[in-house]
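# Summary of the model geometry
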Amino acid sequence: MAEDAVPYRYGQYMVTDDELAGWTVYRARFDNKILGIEGPCPNCRHPTKLNVDRSVVARGQSGRKPALAPSERMTRICECACEELHASADAGEPVKTCGSWWLVTMPLDPDADPPVGAATDASMLPALRAMQEVTAKEEGTVRSSAENWIAAVTALLGLFGLAGVLMGKDAFTGLSGWARLVGGVFTAAAVGGAAFAVVSAYKAAYGWPVEVDLGNDHLLTTWFHNRRERLKQAASQLGRAVVLALCSLGALTVAIGCIWFWPRSGPKEALVEVTRGNDAKVCGTLLSSKTDRELRIRRPNGDVETFGAADLRSVKTVGNCPS
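Residues numbered from 1 in each chain as written. Predicted model: local features only at pLDDT ≥ 70, side-chain atom pairs only at ≥ 80, totals over all residues. Heavy atoms only, no water.

Moving on to a nonpolar patch on the surface. Taken together, the side chains of Trp178, Leu181, Val185, Phe186, Val254 and Trp262 make up a nonpolar region of the molecular surface, amounting to roughly 580 Å² of accessible area. The greatest single-element share of the nonpolar patch, amounting to four residues, is contributed by helix α3 (residues 177-206). Position of phenylalanine 186 relative to the elements: it lies in helix α3. (Patch = residues over 30% accessible without salt bridge, like charges linked within 9 Å, V, L, I, M, F, W, Y side chains within 5 Å. Areas by Shrake-Rupley, 256 points an atom, 1.4 Å probe, with all protein chains shown as cover. Salt bridge = Lys/Arg side-chain N within 4 Å of Asp/Glu carboxyl O. Helix = DSSP H or I, 4+ residues; strand = E, 2+ residues; numbered from the N terminus.)

See below:
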């Protein structure tokens, strides 16, 4: 630890432009965007630097950007990150920072001079602190969102089971064409409404992580002020989820009503063609036999004939009887 090192004390340092005169900005080669700044700490004078975050992953933000960002500067909180040990004021272990932090502003124009200056707009501080908080929790935000959405995906997959019960191959057997159409439409509406209700409810509760551009002061303050709009969006999404859930329940009720209560036609009577021992053919509807070893046929004209088993050469089903 250097003998002249100032003791560690966390707090804001009221920096001046003169104290930041030796600071430099390093930029990306392909687009000249600011990546970070470096220079001597204005309090302890040890070398330090700041890696500039230009965006954050925030949950529940729209991510929409204004068509034109009027600000030409970027303001950030810079904290001493020197490698020199500083004695703690409370006689604890020495730490590698003097604890000072200050506000800096950087022109976006790479030809501007000076490249780094002291920021005087104290109203930016709440937005900058919010940005630091969100940046520190980015990984946890994405992971927790993914974990919470597992239940939503599971619920959506469960809807396929519901659709399978309602749309099984025997559910609409014997129903008229209109019954099939009405039941199918309302079943699809019930599944679709339930899916949208689940998604809307989970978006209201957990949001969706998106990257938000904070590349200048205007974008930063816009993002900070729009965070309160997230609460209004969540309330609206929750209300939409409730309405969709009720509509889905109503559609499901109609679909089940079609299946349970719509009149069904009886099973189609089987038409058979019987060839007798004398090669005579008889076509008609197969009826239940009254005694063993006999076959009863009702001809298209309504006449019923009975044939003994010994008088039958063959029996086959047909689609219709010849006129």
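Picking up where we left off.
In a regular helix each residue adds 1.5 Å, so 30 residues correspond to 44 Å; α3 covers 43 Å between its end C-alpha atoms and thus fits that length. What α3 keeps buried is the set Ala179, Gly183, Gly184, Thr187, Ala190, Gly193, Ala194, Ala197, Val198, Ser200 and Ala204. Trailing α3 by a residue or two, glycine 207 shows a phi angle of about 70 degrees, which is positive. (Expected span 1.5 Å × (residues − 1). Buried < 20%, exposed > 50% of the residue type's maximum accessible area, 1.4 Å probe, protein only.)

Turning to the packing of aromatic side chains, a few remarks are in order. Taken as a whole and judged by the stated rule, the model has one aromatic pair. A cation sits over an aromatic face here: arginine 129 above tryptophan 101, 4.5 Å from the ring centre. (Phe/Tyr/Trp six-rings, centres within 6.5 Å; stacked < 30°, edge-to-face > 60°. Lys NZ or Arg CZ within 6 Å of the ring centre and 35° of its normal.)

The next point concerns the state of the cysteines. Throughout the structure, instances matching the rule amount to one disulfide. The residue that forms a disulfide with cysteine 283 is cysteine 321, at a sulfur-sulfur distance of 2.0 Å. Between cysteine 283 and cysteine 321, the S-S torsion sits near -80 degrees, and that sign places the bridge as left-handed. Separated by 38 residues along the polypeptide, cysteine 283 in strand β11 (residues 281-287) and cysteine 321 in the segment after β14 (312-317) bring together distant segments of the chain. One exposure class covers both cysteine 283 and cysteine 321, and it is buried. Free of any disulfide, cysteine 78 has its nearest cysteine sulfur in cysteine 41, 8.0 Å distant. Cysteine 82 takes part in no disulfide bond, and the closest cysteine sulfur to it belongs to cysteine 80, at a distance of 3.5 Å. (Disulfide = S-S within 2.5 Å.)

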